[in-house]
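These are the residues of each chain, in order.
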Amino acid sequence: MTPSPYQLTTPSHVLDRLHPRLRAYFGPVPPGSVGRGEGVFDVVGTPRRWLWPVLAWLARDGIVFPVWERAVPFTVENRPARVGRGGGTGREAHPTPTGRPASTPTGSHPGAAGSVAVRAHRTFRFRSGDRTMVDAITAEPEGLVDHLGHRGRLSATLRAEVDVDGPDAGALRLVSTRVTVRALGRDRSLPSVLAPRVTLVERFDDDADVQRVSLVLSAPVLGTLYRYEGAFRYEIAPDTGRG
């Protein structure tokens, strides 16, 4: 079984600190299987409505949404994939439900089969209707990279951390160290004074028997731009082709 992107980019002594229930979530999805979760987000979005026009533009690509809602039911599906560059089409995630590398466009990068990835679909049940956030976590030479949206034109390089003790002992914290935008066929890094910062924390709550997740997108001077946090239950199940 091919190791997961997290296993390929994070030292084993760091991953060994993970809560046992999180090791399955961040480990490989077996061939012919899918990781499925269902739960409720306590909050999603931002109350700062002046940001909503920008969020509406990003929503077209399945990245974030112009909302501020509480108690939002959601589902998540994680599938193994290969990711590569297609000429002019941005970052493309190709599912591999059978565990075999999917074909990639001519000129894909890196390598003929692309990067090992996990493709995630998070579907939010908003009052206005369902919306799906799409991303692909990949293992690349520079480390763990999250390609956001259907076309992956916005990417974040992530640093993985796991605390040994304290309130978040055993939790995985992912912090962005670089944000890039794909434009005119090239990846362009945003300067640190402008780049948004992504902080994602996944931890397991033994008392409630649920996995808790918190994501915060922030920016220098402006502070928090977008966030979601909530809890869900997760399992590896046979892939019936749904999602």
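Residues numbered from 1 in each chain as written. Predicted model: local features only at pLDDT ≥ 70, side-chain atom pairs only at ≥ 80, totals over all residues. Heavy atoms only, no water.

## Focus: the overall build of the protein chain
Okay, step 1: When helices and strands are counted, the protein chain shows four helices and twelve strands.
Okay, step 2: When burial is assessed residue by residue, the protein chain has 50% of its 243 residues classed as buried.
Okay, step 3: When the accessible surface of the protein chain is summed, it comes to about 12000 Å², and 54% of that surface belongs to carbon and sulfur atoms. (Helix = DSSP H or I, 4+ residues; strand = E, 2+ residues; numbered from the N terminus. Buried < 20%, exposed > 50% of the residue type's maximum accessible area, 1.4 Å probe, protein only. Areas by Shrake-Rupley, 256 points an atom, 1.4 Å probe, with all protein chains shown as cover.)

## A closer look at the pairing of strand β12 (residues 223-238)
Okay, step 1: Pairing of strand β1 (residues 33-45) with β12, which is carried by twelve bridges, proceeds in the antiparallel orientation. Across the sheet, the residue bridging to phenylalanine 41 is glycine 230, located in β12.
Okay, step 2: Relative to β12, strand β11 (residues 210-219) is paired through nine bridges, and the arrangement is antiparallel. Of the residues in β12, the one forming a bridge with glutamine 211 is phenylalanine 232.
Okay, step 3: In this antiparallel pair of consecutive strands, β11 and β12, the connection spans three residues, and valine 221 shows a positive phi of 70 degrees. (Pairing = 2+ DSSP bridges.)

## As for the side chain of glutamate 69
Okay, step 1: With respect to the element layout, glutamate 69 can be found in strand β2 (residues 68-86).
Okay, step 2: Only 3.2 Å separates the side chain of glutamate 69 from the backbone nitrogen of arginine 127, close enough to count as a polar contact.
Okay, step 3: Residues within four places of glutamate 69 in sequence aside, it is in contact with Asp42, Val43, Val44, Phe126, Arg127 and Ser128. (Polar contact = N/O pair within 3.5 Å; in protein donor to acceptor, adjacent residues only side chain to side chain. Contact = heavy atoms within 4.5 Å.)

## Notes on the pattern of salt bridges
Opposite charge on two side chains permits pairing when their charged atoms draw close.
Okay, step 1: If you walk through the whole model with that rule in mind, you get 16 salt bridges.
Okay, step 2: The salt bridge involving glutamate 77 is made with arginine 36; its shortest N-O contact spans 2.6 Å. Taken together, the residues span a long stretch of sequence, with glutamate 77 in strand β2 and arginine 36 in strand β1 at a distance of 41 residues. Here glutamate 77 and arginine 36 have matching classes, each one buried.
Okay, step 3: Between aspartate 205 and arginine 212 there is a salt bridge, and its shortest N-O distance comes to 2.9 Å.
Okay, step 4: A relative accessible area of 26% places arginine 212 in the partly exposed class.
Okay, step 5: Taken together, the shared-partner salt bridges in this structure form one network comprising Arg159, Glu161, Asp163, Asp168 and Arg173. (Salt bridge = Lys/Arg side-chain N within 4 Å of Asp/Glu carboxyl O.)

## What about the pairing of strand β8 (residues 172-183)?
Okay, step 1: Bridge count for strand β7 (residues 154-162) against β8 is nine bridges, and the pairing is antiparallel. Paired with serine 155 across the two strands is threonine 180, which belongs to β8.
Okay, step 2: With four bridges joining them, β8 and strand β9 (residues 186-189) adopt antiparallel strand pairing. Residue pairing for β9: arginine 182 is matched across the bridge by aspartate 187.
Okay, step 3: Here β8 folds back onto β9, and the loop between the two strands holds two residues, one of which, leucine 184, carries a positive phi near 55 degrees.

## What about empty space enclosed by the protein?
Okay, step 1: Inspection of every chain in the model, using the stated rule, returns one cavity of 30 Å³ or more.
Okay, step 2: Of the volumes computed, that of the largest cavity is approximately 70 Å³.
Okay, step 3: Forming the walls of the largest cavity are Tyr25, Phe41, Phe74, Val76, Arg122, Leu200, Glu202, Val213, Tyr228 and Phe232.
Okay, step 4: Elements supplying a minimum of two residues to the lining of the largest cavity: β2, β10 (197-205) and β12. (1 Å grid on protein atoms, 1.4 Å probe; cavity = no way out; pocket = protein on both sides within 12 Å on 5 of 7 lines; lining within 4 Å. Points joined across faces, edges and corners; volume = space filled by probe spheres on them.)

## What about the layout of surface pockets?
Okay, step 1: As a volume, the largest pocket reaches approximately 1000 Å³.
Okay, step 2: A breakdown of the residues in the lining of the largest pocket according to their chemical character gives 36 nonpolar, three polar and nine charged. (Nonpolar A, V, L, I, M, F, W, Y, C, P; charged D, E, K, R; others polar.)

## Some points on the confidence of the model for the protein chain
Okay, step 1: A residue-level look at the protein chain finds 86% of positions with pLDDT of 70 or above and a mean pLDDT of 87.
Okay, step 2: Below pLDDT 50 for its whole length, residues 97-112 participates in 34 contacts with residues either more than four positions away or in separate chains. (pLDDT = per-residue confidence, 0-100.)

## Let's talk about the nonpolar core
Okay, step 1: In terms of nonpolar packing, the biggest core is built from 47 residues, with Val44, Phe124 and Tyr228 touching the most fellow members.
Okay, step 2: When residues of this core are assigned to their parent elements, the largest contribution, five residues, is made by β12.
Okay, step 3: Residues within four places of valine 44 in sequence aside, it is in contact with Val67, Trp68, Glu69, Val72, Phe124, Phe126, Tyr226, Arg227 and Tyr228. (Core = buried A, V, L, I, M, F, W, Y, C linked by side-chain atoms within 4.5 Å.)

## Observations concerning the packing of aromatic side chains
Okay, step 1: A complete count under the given rule lists 13 aromatic pairs for this structure.
Okay, step 2: The interplanar angle of 70 degrees and the centroid separation of 4.8 Å between the aromatic rings of tyrosine 6 and phenylalanine 26 together place this pair among those described as edge-to-face. With tyrosine 6 in helix α1 (residues 5-9) and phenylalanine 26 in helix α3 (residues 20-26), this residue pair connects regions lying 20 residues apart in the sequence.
Okay, step 3: Judged by its relative accessible area of 3%, phenylalanine 26 falls in the buried class.
Okay, step 4: Measuring from centroid to centroid gives 4.6 Å for phenylalanine 41 and tyrosine 228, while their planes differ by 50 degrees, and the two rings are tilted. Residue phenylalanine 41 is located in strand β1, and its partner tyrosine 228 is located in strand β12; the two are separated by 187 residues in the primary sequence. Residue phenylalanine 41 shares its accessibility class with tyrosine 228, and that shared class is buried. (Phe/Tyr/Trp six-rings, centres within 6.5 Å; stacked < 30°, edge-to-face > 60°.)

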